[in-house]
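# Structure at a glance
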Amino acid sequence: MKTDSDHSSEFVIPISYGSTEVIETGKWGFQKPQTSFMTAPCQEACPAGNPIPQFLYLSGEGRYDEALRALLKENPFPGVCGRVCFHPCETDCNRAQYDESVSVRSMERYVSDAASNQPPNLKPMRNRDSKKVAIVGAGPAGLSCAYFLSLLGHQPTIFESQKEPGGVLRWGIPGYRLPKSVLKKEIQRIFHLPIEIRTGIKVGEDLSFDELTRFDAVFLSPGARLNAPLSIEGEDLKRVWKGGDFLERINSKDKVTLVRETLVIGGGNTAMDVARSALRLGSKATVAYRRTRNEMPALQEEIVEAEEEGVGFEFLIQPVKVSLLKNKRLAVKFQRMKLRGLDRTGRPKAIPVKGKFLTLETDHLITAVGEQVDLSWIPQDLIKNGLVDVHPSPRIFAGGDAVDQPRTIVTAISAGKRAAISIDLYREGGSYSEVFSKIRLGNKGSVSMEAYLSGKDGGKWRGPLEVVSYEKLNTLFFEPKKRAKMRQLSLGRRLKNFLEVNVGFSSEEAQLSASRCFSCGTCNYCYNCYFFCPEGAISLDSDHQTRTVDLEHCKGCGTCAKSCPRNVVEMKESS
Ligand SMILES: Cc1cc2nc3c(=O)[nH]c(=O)nc-3n(C[C@H](O)[C@H](O)[C@H](O)COP(=O)(O)OP(=O)(O)OC[C@H]3O[C@@H](n4cnc5c(N)ncnc54)[C@H](O)[C@@H]3O)c2cc1C
Ligand code: SF4
Ligand code: SF4
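Only a predicted model underlies this, so the values are computations on that prediction, with no experimental measurement involved. (Residues numbered from 1 in each chain as written. Chains lettered and ligands numbered in written order. Predicted model: local features only at pLDDT ≥ 70, side-chain atom pairs only at ≥ 80, totals over all residues. Heavy atoms only, no water.)

### Overview of the site of ligand 2
Taken together, C46, N50, I52, C81, C85, H87, P88, C89, V104, R105, E108 and V410 make up all the residues around ligand 2. If you list the elements that add at least two residues to the shell around ligand 2, you get α6 (88-91) and α7 (104-114). Broken down by element, the residue count for the shell around ligand 2 peaks at three residues, all from α7. (Near = heavy atom within 4 Å. Helix = DSSP H or I, 4+ residues; strand = E, 2+ residues; numbered from the N terminus.)

### Some details on unusual backbone geometry
Phi is positive for S231, which is not a glycine, with a value near 55°. In this structure S231 comes out as exposed when scored by relative accessible area, which is 60%. (Buried < 20%, exposed > 50% of the residue type's maximum accessible area, 1.4 Å probe, protein only.)

### Overview of the sheet that holds strand β18 (residues 396-398)
Pairing within the open sheet is parallel, and its five strands lie in the order β4-β3-β2-β5-β18. Across the chains shown, the open sheet's two edge strands, defined by having one partner strand only, are β4 (196-199) and β18. Ignoring which end each strand starts from, the neighbouring axes of this sheet average 20° apart. Bridge analysis of strand β2 (residues 132-136) against strand β3 (residues 155-160) gives five bridges, and the strand direction is parallel. In the sheet register, V136 faces β3, and the bridge partner there is F159. (Pairing = 2+ DSSP bridges. Axes fitted to C-alpha atoms, helices over the stretch in contact; angles between N-to-C directions.)

### Quick word on the site of ligand 1
Near ligand 1 you find 35 residues, and of these V84, E160, R177, V203 and D401 are the closest. The contact in question runs from a nitrogen atom of ligand 1 to an N or O atom on the backbone of V84, over 2.7 Å. The separation between an oxygen atom of ligand 1 and a polar side-chain atom of D401 is 2.7 Å. The fraction of the free accessible surface of ligand 1 (1000 Å²) that becomes covered by protein chains is 95%. At the level of elements, α8 (140-151), β3, α13 (269-280) and α15 (409-428) are the ones that each hand at least two residues to the shell around ligand 1. Broken down by element, the residue count for the shell around ligand 1 peaks at three residues, all from α13. Domain assignment of the residues forming the shell around ligand 1 places at least three in each of domain 3 (132-225 + 373-426) and domain 4 (227-370). (Polar contact = N/O pair within 3.5 Å; in protein donor to acceptor, adjacent residues only side chain to side chain. Areas by Shrake-Rupley, 256 points an atom, 1.4 Å probe, with all protein chains shown as cover. Domains from an automatic or database assignment.)

### Focus: the nonpolar core
Counting 82 residues, the largest nonpolar core has F55, F77, I439 and Y452 as its most contacted members. Counting residues per element, this core draws most heavily on α15, which supplies nine residues. The two domains that each donate at least three residues to this core are domain 2 (41-120 + 467-515) and domain 3 (132-225 + 373-426). One finds V264, A271, A306 and F313 within the second-largest nonpolar core, a separate group that totals 24 residues. (Core = buried A, V, L, I, M, F, W, Y, C linked by side-chain atoms within 4.5 Å.)

### Some thoughts on the pairing of strand β11 (residues 317-324)
One ladder, built from seven bridges, connects β11 with strand β12 (residues 330-342); its direction is antiparallel. Residue pairing across strands places P319 opposite F334, the latter belonging to β12. Between β11 and the antiparallel strand that follows it, β12, lie five residues; K328 among them carries a positive phi value of about 75°.

### Details of the pattern of salt bridges
Summed over all chains, the structure comprises 42 salt bridges. Here K242 and E235 are joined by a salt bridge, their closest N and O atoms 3.5 Å apart. The shortest N-O distance in the salt bridge between R276 and E302 comes to 2.9 Å. Of this pair, R276 sits in helix α13 while E302 sits in helix α14 (residues 300-309), placing them 26 residues apart in sequence. Residue classification places R276 among the buried positions, given a relative accessible area of 0%. We classify E302 as buried; its relative accessible area is 1%. (Salt bridge = Lys/Arg side-chain N within 4 Å of Asp/Glu carboxyl O.)

### Some points on the domain arrangement of the protein
According to the domain assignment, the protein consists of domain 1 (25-37 + 523-573), domain 2 (41-120 + 467-515), domain 3 (132-225 + 373-426) and domain 4 (227-370). For domain 2 and domain 3, the distance between their C-alpha centres works out to 27 Å. Facing 27 residues of domain 2, the contacting portion of domain 3 comprises 28 residues. Here domain 2 meets domain 3 over a buried area of about 2200 Å², counting both sides, of which 69% is carbon and sulfur. Of all residues in domain 2, the largest losses of buried area upon contact with domain 3 belong to P76, F77 and V84, amounting jointly to 29% of the total for that side. At the boundary of domain 2 with domain 3, the tally comes to one salt bridge. (Contact = heavy atoms within 4.5 Å. Buried area = accessible area lost by both parts, 1.4 Å probe.)

Listed below in structure tokens is the structure:
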């Protein structure tokens, strides 16, 4: 039975009359919290290595100029990528396993549009070993290479055969996907750096390849501008156009007149851009593709938008002959195809269905069955399998569509960055493979310029960070939030002109989208660790941007690590 005195003892609270700081319970613990930043899977998947959690955090704070500066450390084209990148970052986003992926691409666009128009303070670094580098081609690969070389203190000179820089971004992709004003702004920012460009110079015609070798290094990025032929009878007829030429004329503001019906052959981005442009010029457009919709290499959203706009599709047919009819229309004879087995690239193989044909009549035929590299001016020892291959040559580098790599803008940007680092290392006699293995972001090929710069001076690179998986996040601290949908011009308004179809986010949609990012592997100052620590062993610095763990008093209970939603705080054995 309890006595009164027993009962009262339950409420006795021991009070120390001195400081409890002498009770250094931290000495008991055998584990201590450590802050270890990790690589987010979105960043690993972005070939340009964009600092995604960082730029989204800064966007969430409304600090758009800083967010843009963060992006520009890794990628000179956030406004372009924010519109037309195929966004592998979103495919690998951890949030996709929780509800829906974060709208990384649309946020990249928002930041590039919302940041002030002043060019951020881009300054080349001082480089005592500054070298002259010739770059052939001012597409995304060549311009990115020049940008990073210039930031690294080298002196790039670009030779470009067209009258303006931009490559496919300027002469291929139509304005309704990528407005010319956006591209112009990004190119102007690049040329704020000391980069020389000589437009209207075609290497191989106006300048010999040998003349390039007087430079200390050369970067070849001529892209793939030759339209692949159909190699069938009748393809030279009037009213049969090549897709690249057709788009170039539209992008040059040449007068292009189409009448009633246009038939487009192909299933890639060029075919979609051609068909949607034809609609905007008042023609009915039908795409003929030899496989099915599932195998079309065009961006999925391009296919959907083409369907919404009224482009027709004919699948499993391949052209075999074009002839001119008496009424001046064209008759295109197609072989019917079926899918059987896989080809070399692992895609379902289209094979003819014996004796089955189809004929379609049209006013114009536009072919878009792939692009080839013009190798006529490239020395034989730098060519392999119809592409540029520079492995035998240490002073010559190459990247973009002309080499064996995925044909996308962001991989071209990545190639330009890698080449700039390689040229910088080459001049300093560094070892490529060792350095690239240390500055990589995860295991999918992207590298960080910031990591390169951080180790460059002392020649000591930190080494790659682990990629944080969904399982490592503490999702109890997150709540479901619907992804904002990109608003688009109405169908009626779209088809009358080349105005940009995607309207962009409002500031509210941008804030919501930024707040959806889990900041995987990166501290975003939520301070859960501070609030949950039962020992009060964590303190915040006055600017609340850093926190300190008092290891003398931390018992190593691990509450901070358990309460960190993004796996930044981990318990590690204390030494
Ligand atoms: C119509 C179309 C739409 C596309 N849409 C998308 C998309 O939505 N998203 C995406 O990620 N990718 C898209 N792509 C692919 C993407 O555009 C390319 O992968 C990218 O542009 C390749 O960049 P690059 O710098 O290697 O080559 P390019 O952009 O082709 O630039 C090469 C430059 O080199 C110049 N040049 C060539 N030869 C010489 C020479 N001898 N001397 C001097 N200059 C020379 C050319 O004039 C050109 O300016 C599209 C491609 C096309 C054709
Ligand atoms: S460049 Fe492409 S992959 Fe990289 S963050 Fe932007 S949209 Fe994603
Ligand atoms: S939640 Fe944010 S940090 Fe994590 S993978 Fe997605 S975009 Fe990247």
